[in-house]
Amino acid sequence: MSTRALRRLKGKQRGQEALDLGDLTLGDTPEEQAEAEEEQLDTANVSPSNKKSDGRKAKKSKAQKNFSNIYELIGSTDIEGEKISADEEAEKPNRNKTSDPAKNDNRDTDKLDQKHEEESAKPPGDRVKKKKKKKKTKVTSEDGQEAAADDNIDLLLENLEQSNGLSLQNDDSGVSDRRPVLHVEHRNLNSETELKRYFGARAVLGDQRPRQRNRQFHRSTWMTSPKDSWPRFSRPGISMTLLETKDGVHYFTFEHSREYQQVQFKFLDAVESMDPNNIVALLQLNPYHIDSLLQLSDVCRIQEDQEMARDLIERALYSFECAFHPLFSLTSGTSRLDYLRPENRAFYLALYKHMMFLEKRGCPRTALEYCKLILSLDPDSDPLCMLLLIDFLALRSREYQSVLQLYQDWEEHRNLSQLPNFAFSTALCHFHLSQQENMDPEESHKQRHKADQLLQIALIMFPAVLMPLLDLCTVQPDAAVTSHSFFGPNSQIRQLPALAELTGLYVGRTCTLWREAAVMLWLEETVKEVLRRVDAKDPVVEDCQNKRKQRYQSAPRNIHRHVLLSEIKEATSTLPLEVTTQPVMGFDPLPPLDSVISYTRPERPRVGASNESTLSLFFRSLLPNFNIQDPPRQEDDMEVARAGQELNQEVNRLMVAMRDMLANIRFQEPPREDNPYRDDDEWD
């Protein structure tokens, strides 16, 4: 059947066909393919002289057909433009040559006929695939690196950080091609990333499907994922301000609005009442007040409600992250927050408590990332003393090279070898590296030799670590070790209080890392070698003893703060009296002595409390101006002196009145009636 008859059956005519988009279909049927072949044969037989024009028409019709997706026209126009430009460049040298135009036309028509025959022999699907392949090769050849970066968001973030040259190293350490020591990755701040690595995505996520109905749309954040069970978020009045930029480092601070300051004053009143219900009532009205969330989290943790305690900390972090400045970055290492400002301390404490919850949950790699984040906020002063914790988290997450890199880069200006945790952890890292199966035998031997040397120096420098460590590991030491004066009880008694605080902290925290059988055998061999060196009067032993006497005279305030937050009983028992005798608030433990106060709490009028004691009521009856809860007034010196004199006079009058009252008191015995009928055995 001819094509004209097929068109009549379909109700189409030649003049009614669309010019461009009429021939575009999602897929050619076998009848349409046969129709196209018949048209090509008819045009070839009818007019051989017009092969050139017919070839162009066929080429145009084939370019318009055989598209599986109509949106492929968007990319195909660029390919056709490139083909035409390439053909024009190929024809440029031929134009300069003198040749017969008829011969050139015949050659062109012959080539077109060959192409038509080859394309008609191939199925239409192959032609579509060919165009798609050409399109893909074009993208990969021109923009290969950019396409790979777009596919992987993590690589894109790393490229941005490397292009900005953001590294956290001091000027003395020099430029290094390695990743910065405190490099933080966004994907490692999410605990689900680590849990998926351990248990798989299906076990972690399960059948969690987003509910379309009544679904709240939260702001996307890096540290926490907002939950639908949380109260509706409204800005609580916290904002972040950029103070200054110096040497590429940005210094920020959080600020409280007037409304938030009023809520903060109410929170302080609730804390003084010593009733957690007052904090709960305050949170019902202000569900994203930071200090209330931190304090109530401690209360829930004490009551062993770990899930609620962790949820409150995550809510506080979400409130902080919604208030970030646009230039504040968690991963760059160039954003600073001064711990001297009370508004910034809550962010430090929220990060620390969230990190400890992650470590207890079994996510040490995520906890390590938060530890590096806290340290990067103020690496010089280190207000929470993260250097006492970062090695433990790195060992738990098996990031041995990061500990060694940190020790190598910071030893010169921070003296990390003088901390017991780094002295033992570096040796433990070298030992674990020597035990890896994929390591070269020669390199493994070098790592083991280095581990032996470092552990010997650590035991000689801190001999008081051994016996408590073995005790917590439930290991009975040899009699030669317990009876020796170097590791015996004298080593515990002679150490300074500051050093006892550091050793107790390390032993109580990392005792689980030393319970492995291979590690314990290695420790036993090293202890015997240390005793041999001590008996041989090695000069290193005397040198370390002199260093212990000169250093560790007193621990700084940030170490005391870290010990209080860690709640390790081996370390808290060694705190000095000036720390244990003062009240410690969970929302601000051991505030710095040189704090930068932006606003102060107004003085409140004191009203007589109804729950006063009997003695207080008695004094008030004698002296109406007496109030035991009144703080000392901050007035001028003259007024203070005058008030002191009046107070002394009132106290003297009170003492005189009490003396007279006691002198006039007479105790009289009750009258005794003689009863002759009274039985002697009867009780009075």
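Note that the coordinates shown come from a computational prediction; the quantities given were computed from them, not determined experimentally. (Residues numbered from 1 in each chain as written. Predicted model: local features only at pLDDT ≥ 70, side-chain atom pairs only at ≥ 80, totals over all residues. Heavy atoms only, no water.)

Draft legend 1. Focus on the overall build of the protein chain. Helices and strands together make up the secondary structure of the protein chain, namely 31 helices and three strands. In the protein chain, buried positions account for 38% of the 684 residues. Taking as baseline every contact in the protein chain between residues at least 6 positions apart, the subset at least 24 positions apart corresponds to 72%. Accessible surface, the protein chain: about 43300 Å² in total, of which carbon and sulfur atoms supply 50%. (Helix = DSSP H or I, 4+ residues; strand = E, 2+ residues; numbered from the N terminus. Buried < 20%, exposed > 50% of the residue type's maximum accessible area, 1.4 Å probe, protein only. Contact = heavy atoms within 4.5 Å. Areas by Shrake-Rupley, 256 points an atom, 1.4 Å probe, with all protein chains shown as cover.)

Draft legend 2. Summary view of the pattern of salt bridges. Per the counting criterion, the structure on display carries 20 salt bridges. For the salt bridge of R301 with D298, the shortest nitrogen-to-oxygen distance reads 3.5 Å. In this pair, R301 and D298 both sit in helix α13 (residues 290–302), three residues apart, roughly one turn of the helix. The partner of E307 in a salt bridge is R310, with the nearest N and O atoms 2.9 Å apart. In this pair, E307 and R310 are both assigned in helix α14 (residues 306–321), three residues apart and thus about one turn of the helix distant. Looking at E307, the relative accessible area reads 47%, which means it is partly exposed. A cluster of three or more residues bridged by salt bridges with shared partners is formed by D298, R301, K353 and E567. (Salt bridge = Lys/Arg side-chain N within 4 Å of Asp/Glu carboxyl O.)

Draft legend 3. The arrangement of the packing of aromatic side chains in detail. According to the stated counting rule, one finds 18 aromatic pairs in the structure shown. With centroids separated by 5.3 Å and ring planes inclined at 85°, the aromatic side chains of F252 and F328 adopt a geometry described as edge-to-face. In this pair, F252 is assigned in strand β2 (residues 249–256) and F328 in the loop between α14 and β3 (335–337), connecting sequence segments 76 residues apart. Among the aromatic residues, those joined into a cluster by ring pairs are F252, F254, F320, F324, F328 and F347. Sitting over the face of the ring of Y288, R315 holds its NZ or CZ atom 5.9 Å from the ring centroid. (Phe/Tyr/Trp six-rings, centres within 6.5 Å; stacked < 30°, edge-to-face > 60°. Lys NZ or Arg CZ within 6 Å of the ring centre and 35° of its normal.)

Draft legend 4. Broad picture of the environment of L459. Looking at where L459 falls in the secondary structure, it is placed in helix α20 (residues 441–461). Among the residues examined, L459 registers a relative accessible area of 1% and is labelled buried. Placed 28 residues apart in sequence, L459 and F487 show a C-alpha to C-alpha distance of 9.3 Å.

Draft legend 5. A look at the pairing of strand β1 (residues 238–246). With eight bridges joining them, β1 and β2 adopt antiparallel strand pairing. Each residue of the ladder has a partner; that of E244, found in β2, is Y251. What sits between β1 and β2 in their antiparallel hairpin is a turn of two residues, with D247 showing a positive phi close to 55°. (Pairing = 2+ DSSP bridges.)

Draft legend 6. Broad picture of unusual backbone geometry. In this structure, M274 is a non-glycine residue whose phi angle is positive, near 60°. In this fold, M274 is placed in the loop between α11 (258–272) and α12 (276–285). A residue is classified by how much of its surface remains accessible, and M274, at 71% relative accessible area, is exposed. Of note in this structure, E304 is not a glycine but carries a positive phi near 65°. Tracing the chain through its elements places E304 in the loop between α13 and α14.

Draft legend 7. Fine view of a nonpolar patch on the surface. A surface patch of nonpolar side chains, about 260 Å² in accessible area, is lined by L647, V651 and M655. Looking at the secondary structure, you find L647 in helix α31 (residues 637–664). (Patch = residues over 30% accessible without salt bridge, like charges linked within 9 Å, V, L, I, M, F, W, Y side chains within 5 Å.)

Draft legend 8. Spatial organisation of the sheet that holds β3. Spatial strand order, β1-β2-β3: three strands in an open sheet with mixed pairing. A strand with exactly one partner marks an edge of an open sheet, and here the two such strands are β1 and β3. When the angles between neighbouring strand axes are averaged without regard to direction, this sheet yields 35°. The sheet contact formed by β2 and β3 spans three bridges and is parallel. Bridge pairing in β3 places Y251 opposite R336. Running over the sheet, helix α15 (residues 342–361) touches β2 and β3 and is turned about 105° from β2. (Axes fitted to C-alpha atoms, helices over the stretch in contact; angles between N-to-C directions.)

Draft legend 9. The arrangement of α13 in detail. Between its first and last C-alpha atoms α13 spans 19 Å; for 13 residues at 1.5 Å apiece the expected length is 18 Å, and the two agree. Among the 13 residues of α13, eleven are classified as buried, and the element is accordingly described as predominantly covered. Regarding α13, the residues found buried are I290, D291, S292, L293, L294, Q295, L296, S297, D298, C300 and R301. Residues of α13 that are buried sit in contact with β1, α11, α12, α14 and α15. Where α13 terminates, the next one or two residues include E304, which has phi positive at roughly 65°. (Expected span 1.5 Å × (residues − 1).)

Draft legend 10. Focus on the packing of α11 against α12. At a minimum axis separation of 9 Å, α11 and α12 run at an interaxial angle of 160°. What the angle tells us is that α11 and α12 run roughly antiparallel. From α11, V263, K266, F267 and A270 reach across to α12, where they touch N278, I279 and L282. Classifying every residue of the contact of α11 with α12 by side-chain character gives five nonpolar, one polar and one charged. (Parallel < 35°, antiparallel > 145°, perpendicular 65-115°, else oblique. Nonpolar A, V, L, I, M, F, W, Y, C, P; charged D, E, K, R; others polar.)

By themselves, these are just geometric observations and shouldn't be taken as functional.
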